[in-house]
Amino acid sequence: MKIAIVGATGEVGRMIITCLQELNLRPQELDLYASAKSRGQVLYYLDNPTVVQELSEQSLSKHYDYVFFSAGGGIANAYAPAALQSSEVIIDNSSAFRQDPAIPLIVPQINADLLRGYQGIVANPNCSTIQMVLPLAILDKEYRLKKVIVSTYQAVSGSGHGGIETLEKQRSGSKLKGIYPELIDLNVIPQIGVFLDSGYSAEEEKMHQETLKILGREDIGISATAVRVPVIYGHSLSVYAEFERELDLKHAAKMLSQADAINYHENSFITPLGLGTSNASHVCRLRQGVDGYSLTFWNVGHNVRIGAAANAVNIMYAHALQAGKIG
Ligand SMILES: NC(=O)c1ccc[n+]([C@@H]2O[C@H](COP(=O)([O-])OP(=O)(O)OC[C@H]3O[C@@H](n4cnc5c(N)ncnc54)[C@H](OP(=O)(O)O)[C@@H]3O)[C@@H](O)[C@H]2O)c1
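Residues numbered from 1 in each chain as written. Predicted model: local features only at pLDDT ≥ 70, side-chain atom pairs only at ≥ 80, totals over all residues.

A. Geometry of the overall build of the protein chain. Of the regular secondary structure elements, the protein chain holds eight helices and 14 strands. Against the compact-globule benchmark of 20 Å for 327 residues, the protein chain has a radius of gyration of 20 Å, which places it among compact chains. Dimensions of the protein chain along its principal axes, counting C-alpha atoms only, are 60 × 55 × 40 Å. Buried residues in the protein chain amount to 47% of all 327 residues. Restricting to contacts in the protein chain with at least 6 residues of sequence separation, those with at least 24 account for 67%. (Helix = DSSP H or I, 4+ residues; strand = E, 2+ residues; numbered from the N terminus. Rg over C-alpha atoms; globule rule 2.2 N^0.38 Å. Buried ≥ 20, exposed ≤ 12 C-beta atoms within 10 Å, placed from the backbone. Contact = placed C-beta atoms within 7 Å.)

What follows is the structure, given as structure tokens:
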């Protein structure tokens, strides 16, 4: 397989390399692209050095089976449509195409069927949405989801490498706000993305719209509050969900504990620091909500892994399996 990664030097790009290696995939070709700043930098794939190239119109005129884009919406809009003329599938990590009805928004454990026979751009969902929708999809099938109220506690790496740098500088004494609207060290900030006319932030609106699109439902009420916290890796979510059918908490717990990509913690909880290299969406503190039709849980996931790179690589893997590119 021939693979390219645009934004290979970033938080997500580097993790895509790691996730591909963890699958022990040996692509025939792996080309790495980033901005002029990173031209000539050397990154390693299974001990093989690969020189990072500066992205240009010409770079993507080559044929690739899969091109991962993880360089923001502007670069995706500018380069992805043209890259499709020579390549088969583009997996984009930005929000540029997620709400386009012609473009599938994929969490493979939920809707990999949309990849069958598909060529074109595939959108990788928002980080908090992926980790939340994995357990919600399981519960929705059994009890039919009606309403979700979620508050997030999102790590600074969710803003890319600049988020980590900002926090580290403030921890070393800087009083500059960096890329955030307020100091993030020793603080929490209830704004992720611009505020919209509705009063919700862009991140909150993504969680709302993307959850509906992935679940293929329009009739679920969703209200999100997205908050940045001074954690480096790992998003935590407090999720409250209501259903049409009466719940059996023990049965719900059993389904979650058996589900693919979910790590269910029965009598303990997990924190972002406990995630290590896990690619799972972790669910713990499952308990009844306000009545027998609702429940609430704590949900932790590695935002750069399950929230971005691991899901993107899973999309590639699911597509490659269906297309017979891997056995
Ligand atoms: N971080 C997360 O948890 C997360 C989760 C879900 C989705 N995403 C999305 O994934 C994308 C990447 O995020 P990130 O966290 O990896 O950001 P990042 O750490 O800031 O990395 C950005 C990457 O884009 C490259 N880039 C910037 N300008 C470019 C240009 N003009 N031409 C070519 N490459 C360029 C950078 O290259 P240089 O190093 O050369 O500047 C770098 O490789 C974003 O769309 C983000 O919204 C991120």
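Structure shown, so let's carry the discussion forward.
B. Quick look at the packing of helix 4 (residues 127–143) against helix 8 (residues 305–322). Running from N to C, helix 4 and helix 8 cross one another at 85°; their axes reach a closest spacing of 8 Å. For the element pair helix 4 / helix 8, the angle class is roughly perpendicular. Counted together, C127, S128, I130 and Q131 of helix 4 and I306, G307, A308 and N311 of helix 8 form the full contact between these two elements. The class makeup of the residues in the contact of helix 4 with helix 8 is four nonpolar, four polar and no charged. (Axes fitted to C-alpha atoms, helices over the stretch in contact; angles between N-to-C directions. Parallel < 35°, antiparallel > 145°, perpendicular 65-115°, else oblique. Nonpolar A, V, L, I, M, F, W, Y, C, P; charged D, E, K, R; others polar.)

C. Looking closely at the site of the ligand. In the neighbourhood of the ligand, 28 residues make up the surrounding shell, with G7, G10, S38, A71 and G160 lying closest. Elements with a contribution of two residues or more to the shell around the ligand: helix 1 (11–22), helix 5 (161–171) and helix 8. If one sorts the elements of the shell around the ligand by residue count, helix 1 sits on top with three residues. Partitioning the shell around the ligand into residue classes produces nine nonpolar, 17 polar and two charged. Both domains that furnish three or more residues to the shell around the ligand are identified here as domain 1 (2–125 + 308–322) and domain 2 (128–303). (Near = placed C-beta within 6 Å. Domains from an automatic or database assignment.)

D. Looking closely at the sheet that holds strand 5 (residues 53–54). One open sheet accounts for six strands, arranged 5-2-1-6-7-8; its pairing is parallel. For this open sheet the edge positions go to strand 5 and strand 8 (120–123), each flanked by a neighbour on one side alone. Packed on one face of the sheet, helix 8 meets strand 6 (66–69), strand 7 (89–92) and strand 8 and runs near 160° to strand 7. (Pairing = 2+ DSSP bridges.)

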